[in-house]
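# Close look at the chain arrangement
Letter by letter, the chains look like this.
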Amino acid sequence: MYHIKEAFYTLQGEGARTGRASVFCRFTGCNLWSGRESDRQHSACRFCDTDFVGSNGKNGGRFADTDTLAAHLAALWPHLPTAATPYVVFTGGEPLLQLDTPLIEAMQARGFEVAVETNGTLPAPPGIDWLCVSPKGTTTLAIENGDELKLVYPQHDAPPSRFASLDFSHFFLQPMDTTGIASCGQPTTPLDAALAYCLANPQWRLSLQIHKTLGIE
Ligand SMILES: C[S@@+](CC[C@H](N)C(=O)[O-])C[C@H]1O[C@@H](n2cnc3c(N)ncnc32)[C@H](O)[C@@H]1O
Ligand SMILES: Nc1nc2[nH]cc(C(=O)O)c2c(=O)[nH]1
Ligand code: SF4
Ligand SMILES: [Mg+2]
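All values reported here derive from a predicted model rather than from experimental measurement.

## With respect to the sheet that holds strand E7 (residues 145-153)
Strand order in the open sheet formed by nine strands is E3-E1-E2-E4-E5-E6-E7-E8-E9, and the pairing between neighbours is mixed. The open sheet terminates on both sides in strands that have one partner only, identified here as strand E3 (61-63) and strand E9 (205-206). Examined bridge by bridge, strand E8 (residues 167-175) and E9 share two bridges and lie parallel to one another. If you follow phenylalanine 172 over to E9, its bridge partner there is arginine 205. Contacts from helix H1 (residues 66-74) reach strand E1 (2-11), strand E2 (21-27), E3 and strand E4 (87-91), with the element oriented near 20 degrees to E1.

## With respect to the side chain of threonine 66
Following the sequence through the fold, threonine 66 ends up in helix H1. Of the polar contacts made by the side chain of threonine 66, one reaches the side chain of tyrosine 2; its length is 2.9 Å.

## As for the site of ligand 3
If you check the shell around ligand 3, you find Cys30, Leu32, Trp33, Cys45, Cys48, Phe52, Gly93, Asn119 and Lys136 and nothing else. The residue makeup of the shell around ligand 3, split by class, is six nonpolar, two polar and one charged.

## Some words on the packing of H1 against helix H2 (residues 101-109)
Close contact between H1 and H2 brings their axes to 9 Å; oriented N to C, the two are set at 40 degrees. On the basis of the axis angle, H1 is oblique to H2. For the crossing formed where H1 meets H2, the hand is right-handed. Packed against H1, whose contacting residues are Thr66, Asp67, Leu69, Ala70, Leu73 and Ala74, the element H2 presents Pro102, Leu103, Ala106 and Met107 at the interface.

## Remarks on the nonpolar core
If you look at the biggest cluster of nonpolar residues, it comprises 49 residues, and the most contacted ones within it are Phe90, Leu99, Leu103, Met107 and Trp204. Those residues in contact with leucine 103 that sit more than four places away from it in its chain are Tyr2, Phe27, Thr66, Leu69, Ala70 and Phe90. In terms of nonpolar packing, the next biggest core, distinct from the first, is built from six residues, Leu32, Cys45, Phe47 and Ile181 among them.

## Notes on the site of ligand 2
As a matter of local geometry, ligand 2 sits amid Thr10, Leu11, Gln12, Gly13, Glu14, Phe24, Arg26, Thr91, Glu117, His211 and Glu217. Note that an oxygen atom of ligand 2 is positioned 2.9 Å from one of the side-chain N or O atoms of arginine 26. At a separation of 2.6 Å, an oxygen atom of ligand 2 approaches a polar side-chain atom of threonine 91. Against a free-state accessible area of 320 Å², the protein chains account for coverage of 92% of ligand 2. Mapped onto the shell around ligand 2, the elements with two or more residues apiece are E1 and E2. By residue class, the composition of the shell around ligand 2 is two nonpolar, five polar and four charged.

## Topic: the packing of aromatic side chains
Per the counting criterion, the structure on display carries eight aromatic pairs. With a centroid separation of 5.9 Å and 75 degrees between ring planes, the pair formed by tryptophan 77 and phenylalanine 112 is classed as edge-to-face. Separated by 35 residues along the polypeptide, tryptophan 77 in the loop between H1 and E4 and phenylalanine 112 in the loop between H2 and strand E5 (113-118) bring together distant segments of the chain. For tryptophan 77, a relative accessible area of 7% gives the class buried. Residue classification places phenylalanine 112 among the buried positions, given a relative accessible area of 3%. For the ring pair tyrosine 153 and tyrosine 197, a centre distance of 5.5 Å and an interplane angle of 50 degrees mean the geometry is tilted. Note that tyrosine 153 is positioned in strand E7 and tyrosine 197 in helix H3 (residues 190-200), a separation of 44 residues in sequence.

Procedures and definitions
- Residues numbered from 1 in each chain as written.
- Chains lettered and ligands numbered in written order.
- Predicted model: local features only at pLDDT ≥ 70, side-chain atom pairs only at ≥ 80, totals over all residues.
- Heavy atoms only, no water.
- Pairing = 2+ DSSP bridges.
- Helix = DSSP H or I, 4+ residues; strand = E, 2+ residues; numbered from the N terminus.
- Contact = heavy atoms within 4.5 Å.
- Axes fitted to C-alpha atoms, helices over the stretch in contact; angles between N-to-C directions.
- Polar contact = N/O pair within 3.5 Å; in protein donor to acceptor, adjacent residues only side chain to side chain.
- Near = heavy atom within 4 Å.
- Nonpolar A, V, L, I, M, F, W, Y, C, P; charged D, E, K, R; others polar.
- Parallel < 35°, antiparallel > 145°, perpendicular 65-115°, else oblique.
- Left-handed = near helix turned anticlockwise from the far one by under 90°.
- Core = buried A, V, L, I, M, F, W, Y, C linked by side-chain atoms within 4.5 Å.
- Buried < 20%, exposed > 50% of the residue type's maximum accessible area, 1.4 Å probe, protein only.
- Areas by Shrake-Rupley, 256 points an atom, 1.4 Å probe, with all protein chains shown as cover.
- Phe/Tyr/Trp six-rings, centres within 6.5 Å; stacked < 30°, edge-to-face > 60°.

And the structure:
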């Protein structure tokens, strides 16, 4: 049984594939936070910008079998005559609590390239086409290679230098969105701090969450 919070068709707003049309599948649940505000400050990940509780969102639900979910997601792609490869991004919550090889293969059988956004603390099933790892605080990485490492910045207990030698093709800093989160009273904004770090350390590129500025999902 797969538990899906929501699913939608939009542009990827973050990282190396920013701007690419994508079907997003947001799994319910995370191993680093319950999703309850009362638990946030005691959790391994405290700055989450996402509601991943329940299965009541748009196109969400509980799916008993792989093919039913794959067909549901594939139907969100606009099947117009186009040369573009369909693209699905599995996120959450933490997608690696639920994503399995049959679902990856079912999407690929429908012509999709499969991307994953993960906190990197759980092993990934084989077959993923694009793997984005976003480390959190003092958690231990179970995945140390992939396509992009996208670090939310700043995290005082997760400096970029800890990840700079890992085996990724792209390294991004994504300014922490503190909207609605108790800010830690830093003198500079996360955007200013990330900008300065990327200028001083050109291995790192800036990832802005364009979907938020565009007002799209
Ligand atoms: C909601 S998470 C879901 C996937 C997975 N659990 C993870 O953390 O990578 C999707 C992306 O949003 C990023 N993110 C979460 N909260 C954020 C915030 N307040 N500001 C900027 N990025 C954030 C995460 O680091 C991750 O790259
Ligand atoms: N447009 C858009 N791009 C995204 N990239 C990563 C997202 C996520 O929540 O994982 C996300 C999201 O929620 N919306
Ligand atoms: S690991 Fe990802 S989904 Fe889980 S609380 Fe952190 S940002 Fe949110
Ligand atoms: Mg998001």
